[in-house]
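Structural overview for review
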Amino acid sequence: MVRVRFAPSPTGYLHVGAARTALFNWLFARHEKGIFILRIEDTDIARSSEEMSQVILEGLQWLGLDWDEGPIYQSTRISLYQEKAEWLLAQGLAYECFCQPEEIEIRRREIESRGGVWKYDRRCFYLSPEEKKKMKDKGRKRAIRFLVPPGRTQFKDLIHGLISVDHRQIEDFVLLRSDGLPTYHLSVVVDDLDSGITHVIRGDDHISNTPKQILLYEAFGARPPQFAHLPLILGPDRKKLSKRHGVTSLLHYRDQGILPLAMFNFLAQMSWSPGPEERIYSIEEMIKNFSLNRISKNSPIFDLNKLEWLNSRLIKEMKAEELLPWLKPEMIKRGLWHPSLEKERLDWFRRLLDLNKVRSRNLIDLIEALRPFLTDDYEIDPVGYEKYLKNDKLPQLLPRLKEDLAQLNNFEASSLEKVLRQRASAEGVEASLFIHALRVLTLGRTVSPGIFEVLELLGKETALRRMDLEAALKRLPQNQVGSE
RNA sequence: GCCCCUGUCGUCUAGUCCGGUCUAGGACAUCGCCCUUUCAAGGCGGCAACACGGGUUCAAAUCCCGUCGGGGGCGCCA
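A brief look at the structure comes next. From a predicted model like this one, the values you see are computed outputs, not experimental measurements.

Before going further, it helps to spend a moment on the sheet that holds strand β3 (residues 69-73). Taken in spatial order, the three strands make up an open sheet running β1-β2-β3, and their pairing is parallel. The sheet is open, and its two edges are formed by β1 (3-6) and β3, each paired on a single side. Strand-to-strand, the axes of this sheet are offset by a mean angle of 25°, without reference to chain direction. For β1 and strand β2 (residues 35-40), the ladder comprises four bridges, and the chain directions are parallel. Bridge pairing links arginine 5 to isoleucine 37 in β2.

Quick look at the structure:
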């Protein structure tokens, strides 16, 4: 039975790179019908917080990654790690170290200034019992270091193949800090062993940690799990994706109107391709097609544009009914929601959505495109005003068109178009003069679905009322009015 | 500096394991055209890559060696 885990440390928000690691673990578990475990690595108490843990859970839930066991909090298991460290000490596989970090730092600098390569010098390993006692009597706190044996560690990475490291490259790393708290290497091995983890799937940045951890498994007399190291997501400058490249928080993208399925596809399609077509794949398809050995070794570059394209494509494919639950909370927040939209006005709303969704890259854009249809509280784009409403003929011709439209009994797109074009040709002007002016007047924007559909959806009363150049002036953004 | 990983269009990738079907396919982006009342969408088309150098072979993007480039790690962080 496959057992995998996602083990974030709650020292910040959920990073998109971490989310991708979680996602691949989850896909693998679901594909193999195994168990996905969530573990919170909060042994660095100073930097961890319960609040951050919650944010991580929220992010996973948003993406649709559910866990079968946990969350296991490492902070509740400290005594177990201490026991294990003591056991290694008793077995002679680890030793006490009384060096202070500052002392080590001085020695390190000295060696490096002479062009050498620093590695912990194993000084405390050679301490006699008397010397150790003296240290303790002086009140020196001890850490426990692992005694790295000579040799070479090899392992077969499921993505990279054979990886081999000489132990001379590995220093006697600390297992238990002088304050009694475990380090990452200890707690991760103890917990993975305890949880029966069969596959460790994590970022490439852990490759160099793996031999240390394998050594620990061996010290405990256990067989190490299989390892799969995922290529790291890079920024546009090809450096590990971080804050300086822009926003890396997963939930930020939710707030920007990205749908979780689009994000899921985007993350999954970095270093992996679910199938031959470029499209949104369903979760089920991805679970079915998932395979670790089809993951690429290359580090992908985070491409926001691709994410938005996937999102726009998903929005376009979704039915109005499917979109509605995602739109509603944000619309409520913006005061654009009304219960009738999912009841008596549902058909109308559906048409409105169908016309607008095709030109939206995210939910927020879509909602803002809906605004002038839902409220009179909208502004007129000053650029559109300058470009389309300042025509000299408009003050004279617009009332005539308005009069024509007022005569219409069926305020429908086809009739509206006919009437407008007739008036334009009667006045000897291009129909586009009216079209552009009406778009800016009725919606405040220069971009929209076809104007005749827009007018129909707006309804006769609203559409005619907005055909007013004087009133339009008042809709310009405040700071623009004064500068005229 | 040392160690490890990695190298196909600007980007994500297919192909690499099991050499020939690859004059290297798709998609995003970009450019042009069509459609058109705007913007999208859609349709059509263009630009654009096997890092380089040696081998092996009848044949190499695919196998081997080297060079160069990129990344990551070298904490009493995780």
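Okay, the packing of aromatic side chains next. For the coordinates displayed, the defined rule picks out eleven aromatic pairs. With 5.2 Å between their ring centres and 75° between their planes, phenylalanine 125 and tyrosine 126 make a pair best called edge-to-face. Judged by its relative accessible area of 59%, tyrosine 126 falls in the exposed class. On the numbers, 5.8 Å between centres and 65° between planes, the contact of phenylalanine 155 with phenylalanine 227 is edge-to-face. Separated by 72 residues along the polypeptide, phenylalanine 155 in strand β6 (residues 152-157) and phenylalanine 227 in strand β10 (residues 226-230) bring together distant segments of the chain. By relative accessible area, phenylalanine 155 is classed as buried at 6%. We classify phenylalanine 227 as buried; its relative accessible area is 3%.

Here we come to the pairing of strand β4 (residues 94-97). The side-chain alternation of β4 yields two buried faces, one formed by Ala94 and Glu96 and the other by Tyr95 and Cys97. Across four bridges, the pairing between β4 and strand β5 (residues 143-146) is antiparallel. Residue alanine 94 lies in a different strand from β5, and its bridge partner there is phenylalanine 146.

Moving on, we get to the protein's contact with RNA strand B. Lining the immediate environment of RNA strand B, one finds 60 residues, of which Cys99, Arg177, Lys239, Ser271 and Arg359 sit closest. Within 4 Å of the protein, the contacting atoms of RNA strand B are 75% sugar and phosphate, with bases supplying the remainder. A distance of 3.1 Å separates a sugar or linking oxygen of RNA strand B from a polar atom in the backbone of threonine 446. The contact in question runs from a base nitrogen of RNA strand B to an N or O atom on the backbone of isoleucine 451, over 3.4 Å. Only α4 (101-113), β5, β7 (161-166), α11 (304-317), α18 (431-443) and α19 (451-458) provide two or more residues apiece to the surface near RNA strand B. Considering each element in turn, the surface near RNA strand B owes the most residues, four residues, to α11.

Here we take up the side chain of arginine 20. Along the chain, the position of arginine 20 falls in helix α1 (residues 16-31). Buried charge without a salt bridge: arginine 20, with aspartate 204 as the nearest opposite-charge side chain at an N-O distance of 7.8 Å. Engagement of the side chain of arginine 20 in a polar contact is seen with the backbone oxygen of proline 231, the distance being 2.9 Å. Apart from residues lying up to four places away in sequence, arginine 20 is in contact with Pro231, Ile233, Leu267, Met270, Ser271 and Pro300.

What counts as what
Here the residue index of a chain counts from 1 through its sequence in written order. Chain letters and ligand numbers both follow the written order, the letters beginning at A and the numbers at 1. A pLDDT threshold of at least 70 governs which residues receive local features in this predicted model, and a stricter bar of 80 or more applies before side-chain atom pairs are shown or counted, although totals over entire chains, interfaces and linings include all residues. Each side-chain value is worked out from all heavy atoms of the structure, with water and hydrogens disregarded. Think of it this way: DSSP has to see at least two bridges between two strands before they count as a pair. Think of it this way: any DSSP run of H or I at least four residues long counts as a helix, any run of E at least two long counts as a strand, and we number them from the N terminus. Interaxial angle, 0 to 180 degrees, is taken between N-to-C directions of lines fitted to C-alpha atoms, where a helix line uses only the stretch in contact. Only rings of Phe, Tyr and Trp enter the pairing, Trp through its six-membered ring, and a pair is recorded when the two centres are within 6.5 Å. The plane angle decides the type: under 30 degrees is stacked, over 60 is edge-to-face, the rest tilted. Working definition: with a 1.4 Å probe on protein chains only, accessible area under 20% of the residue-type maximum means buried, over 50% means exposed, and in between means partly exposed. Any residue with a heavy atom lying within 4 Å of a molecule or strand is counted as near it. Any pair of N or O atoms that falls within 3.5 Å is considered a polar contact. Within protein, one atom must be able to donate a hydrogen and the other to accept it, and sequence-neighbouring residues count only if both atoms are side-chain atoms. A residue counts as positive if it is Lys or Arg and as negative if it is Asp or Glu; His and the chain ends are not included. The salt bridge criterion pairs a side-chain nitrogen of Lys or Arg with a carboxyl oxygen of Asp or Glu, the two atoms within 4 Å. Two residues qualify as a contact provided that any one of their heavy atoms is within 4.5 Å of a heavy atom in the partner residue.

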